[in-house]
Amino acid sequence: MDLQANQFQRMSVEEFDTTKLLAHASKQARERGYERFPIVDVDSHHYENESMAEILDYLDDPVLRQLALSGARPNAKNARILNTLVGYQDMGGRITRYALRNYEKTPPGKHQRDTALTKRWMDAVGVDIAVLFPTPMLALGVHPQVEVEIALSRAYNRWLCERVLAQEPRLVSMLYLPFNDPDATYQFVKEFGERKGVVGFLITSTRYRPVHANQYMKTYALLEEMGKPIAFHGSYHWHDQGQGMLNRFISVHALGFVWYNMCHLANWIINGLPERFPKLKVMWLESGLAWIPFMMQRFDNEYMMRTSEAPALKRLPSDYMRDMYFASQPMEITDHGLLKETFRVINAETQLLYSSDYPHWDFDLPSTIYDLPFLSETAKRNILGGNAIRLFNLKVGAEKLAQTA
Amino acid sequence: MPEVFVEKIKDFAEGDRRIVFHDGSEIGVFHWQGAFYAYENLCLHQGGPCCEGVIMHKVEDVLAPDKTWLGQTFSADEAHFVCPWHGYEYDIKTGECAGNRNLRLKSYPVVRRGADLYVITG
């Protein structure tokens, strides 16, 4: 098969296999001795759109299901139910696994393809347990129909619980919350909170709902009572008027994945939610780390002058942030001095959790943490797995689950 | 002097590449515009198989004499190979990282011995 061969790009690909693509990662795992400790990846993905035929079996609304099935037909033109974003995640074909993924073979029989492909890369890089999230549905929060967000995410959650999480103990998830409907959000926590493999709940950050709205308090109280973390997952939205100022995907990606989490974090702290729900565990995913010291400095400085506007706070904004959890990817690695200071100010040894984001284009391997010269062996192991095991109360035995080739 | 056989020259087409192995290392050999180039197949970023990615010409902005932007095009003479893991790009003729020319892949001399091509590894 030719991979988009043209005058400026030439590569023949005989086959595609994740294990082969990640052979160097497997070598890293062997050289660094990952078999000595557990590695948990708190933010990884699959492409749920490729399993949409299965997922739609779980969509109760017959009219929406018919719309979705009709849109999935070949030559359906612009008829589709799942909104998509303009973007170039595959860098114009440079990241070859995007185009080649469909050619990868999985074992025949009862194995679910998403599970098989996910375990393949987990084994290759040495990840024992992965928190699995969808991909296109990261944009579902800006779907124009709230009822579609609710119906599709409920179908997805049901499918994920039954077809993936119930079958594979190495996969867990924080389930999608339809945050544009506060009542449905609450009901989702009630419905799915005790399902096997559900270790928390996810708010896809790309949306226009303030997290401090009174309608969400019952959900936060329920999550706090259940001991389940709530996570905010970054994404971009080129149709956002602010991001529409940016003309290249690099700019939209670099700023967009941080922008919504910055807004939600600001609202979360300034409205005193950490004081109202002191035991609720809060996580921030896929925004990297550089934004955190920025937010700490910016809000501490302004809070000292405008204390009257955040009367619920009893500590500095940065103190509340240090109680939160942060996923590492995409970790900004170009200045180790700044990175070391970032680890210091966020108490990384207890608050930072390794995440890969695999198979997306800017994934991080465990070596991005393990090779940092300023971390102790204990800190490395906490960040790569120990912190996640404690946060999610994961049951991990002494045996290494990842079968690195 | 240690060396590794790459390929019969007649079988190594222009624009093609080979990956050879030596003492635990992988070496990518490129045949590009009549010359051969060899680099360690280990991306300077996270260790990906950089020599196994697509080859694409460098993207360039096109500016008018008054500095206004007219569009983009592909360079006629500078080509890059791209690490398939994350997209780090390397100049095929120098091994320099396109994003930071101070970074450069380990390179190896390539020699012809009769009809055969070899990489000098030591």
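Below, the structure is looked at part by part.

Cut-offs applied
Residues numbered from 1 in each chain as written. Chains lettered and ligands numbered in written order. Predicted model: local features only at pLDDT ≥ 70, side-chain atom pairs only at ≥ 80, totals over all residues. Heavy atoms only, no water. Pairing = 2+ DSSP bridges. Helix = DSSP H or I, 4+ residues; strand = E, 2+ residues; numbered from the N terminus. Axes fitted to C-alpha atoms, helices over the stretch in contact; angles between N-to-C directions. 1 Å grid on protein atoms, 1.4 Å probe; cavity = no way out; pocket = protein on both sides within 12 Å on 5 of 7 lines; lining within 4 Å. Points joined across faces, edges and corners; volume = space filled by probe spheres on them. Nonpolar A, V, L, I, M, F, W, Y, C, P; charged D, E, K, R; others polar. Buried < 20%, exposed > 50% of the residue type's maximum accessible area, 1.4 Å probe, protein only. Core = buried A, V, L, I, M, F, W, Y, C linked by side-chain atoms within 4.5 Å. Contact = heavy atoms within 4.5 Å. Phe/Tyr/Trp six-rings, centres within 6.5 Å; stacked < 30°, edge-to-face > 60°. Lys NZ or Arg CZ within 6 Å of the ring centre and 35° of its normal. Buried area = accessible area lost by both parts, 1.4 Å probe. Salt bridge = Lys/Arg side-chain N within 4 Å of Asp/Glu carboxyl O.

Observations concerning the sheet that holds strand β11 (residues 110–113) of chain B
Residue and element names in this part refer to chain B.
Okay, so step 1: Taken in spatial order, the 3 strands of this open sheet run β1-β12-β11, and their pairing is antiparallel. Of all strands in the sheet, those bounded by a partner on one side alone are β1 (3–8) and β11. Within this sheet the neighbouring strands show an average axis-to-axis angle of 30 degrees, counted without direction.
Okay, so step 2: For β11 and strand β12 (residues 116–120), the ladder comprises 4 bridges, and the chain directions are antiparallel. Opposite Arg113, over in β12, you have Asp116 as the bridge partner.

Overview of empty space enclosed by the protein
Residues and elements named next belong to chain A.
Okay, so step 1: Counted by the stated rule, this structure contains 1 cavity of 30 Å³ or more.
Okay, so step 2: By volume, the largest cavity is sized at about 40 Å³.
Okay, so step 3: Lining the largest cavity, in full, are Leu265, Ala266, Ile269, Met295, Phe299, Pro317 and Met321.
Okay, so step 4: The element that contributes the greatest number of residues to the lining of the largest cavity is helix α10 (residues 249–270), accounting for 3 residues.
Okay, so step 5: A per-class count over the lining of the largest cavity returns 7 nonpolar, no polar and no charged.

So, the pairing of strand β3 (residues 25–32) of chain B
Okay, so step 1: Counting buried positions along β3 of chain B yields 7 of 8 residues, so the element is predominantly enclosed.
Okay, so step 2: Counted between consecutive antiparallel strands, the loop separating strand β2 (residues 17–22) of chain B from β3 of chain B contains 2 residues, among which Asp23 of chain B sits at a positive phi close to 50 degrees.

Some remarks on the nonpolar core
Okay, so step 1: With 117 residues, the main nonpolar core has Tyr220, Trp268 and Phe343 of chain A together with Phe81 of chain B as its most contacted residues.
Okay, so step 2: For this core, the element with the most residues is helix α7 (residues 146–165) of chain A, which contributes 11 residues.
Okay, so step 3: With residues up to four places along the chain from it excluded, the contact list for Phe81 of chain B reads Phe30, Tyr39, Cys50, Cys51, Val54, Ile55, Tyr88, Glu89, Tyr90, Asp91, Ile92 and Leu105 of chain B.
Okay, so step 4: Of all hydrophobic cores here, the second largest spans 20 residues; its members include Val40, Phe133, Val172 and Ala327 of chain A.

Points about unusual backbone geometry
Okay, so step 1: With an omega of -10 degrees, the peptide bond between Gln329 of chain A and Pro330 of chain A qualifies as cis.
Okay, so step 2: Looking along the chain, the bond that leaves Tyr358 of chain A and enters Pro359 of chain A is cis, with omega of 10 degrees.

A few points about the packing of aromatic side chains
Residue and element names in this part refer to chain A.
Okay, so step 1: Taken as a whole and assessed by the stated rule, the structure comprises 29 aromatic pairs over all chains.
Okay, so step 2: Here the aromatic cluster, defined as three or more aromatic residues joined through ring pairs, consists of Phe179, Tyr216, Tyr220, Phe232, Trp268, Phe277, Trp284, Trp291 and Phe326.
Okay, so step 3: Just above the ring of Tyr47 sits the side chain of Arg101; from NZ or CZ to the centre is 3.5 Å.
Okay, so step 4: Lying over the aromatic face of Tyr186, Lys218 brings its terminal NZ or CZ to 5.1 Å of the ring centre.

Here's the deal with the interface of chain A and chain B
Okay, so step 1: Contact residues are listed per partner, giving 27 residues for chain A and 31 residues for chain B.
Okay, so step 2: Summed over both partners, the interface of chain A with chain B comes to about 2200 Å²; 54% of that surface belongs to carbon and sulfur atoms.
Okay, so step 3: The tally of links from chain A across to chain B stands at 2 salt bridges.
Okay, so step 4: Residue Glu89 of chain B is joined to Arg94 of chain A by a salt bridge in which the shortest nitrogen-to-oxygen separation is 3.0 Å.

Details of the pairing of β2 of chain B
Okay, so step 1: Sheet topology places β2 of chain B next to β3 of chain B; 6 bridges connect them, and they run antiparallel. Residue Arg18 of chain B lies in a different strand from β3 of chain B, and its bridge partner there is Val29 of chain B.

Observations concerning the sheet that holds strand β6 (residues 230–233) of chain A
All names here are of chain A.
Okay, so step 1: Strand order in the open sheet formed by 8 strands is β2-β3-β4-β5-β6-β7-β8-β9, with parallel pairing between adjacent strands. Single-partner strands in this sheet number two, and they are β2 (40–45) and β9 (352–353).
Okay, so step 2: Relative to strand β3 (residues 129–133), β2 is paired through 4 bridges, and the arrangement is parallel. Looking at the pairing, Val40 lines up with Ile129 of β3.

Purely geometric stuff here, so don't read any function into it on its own.
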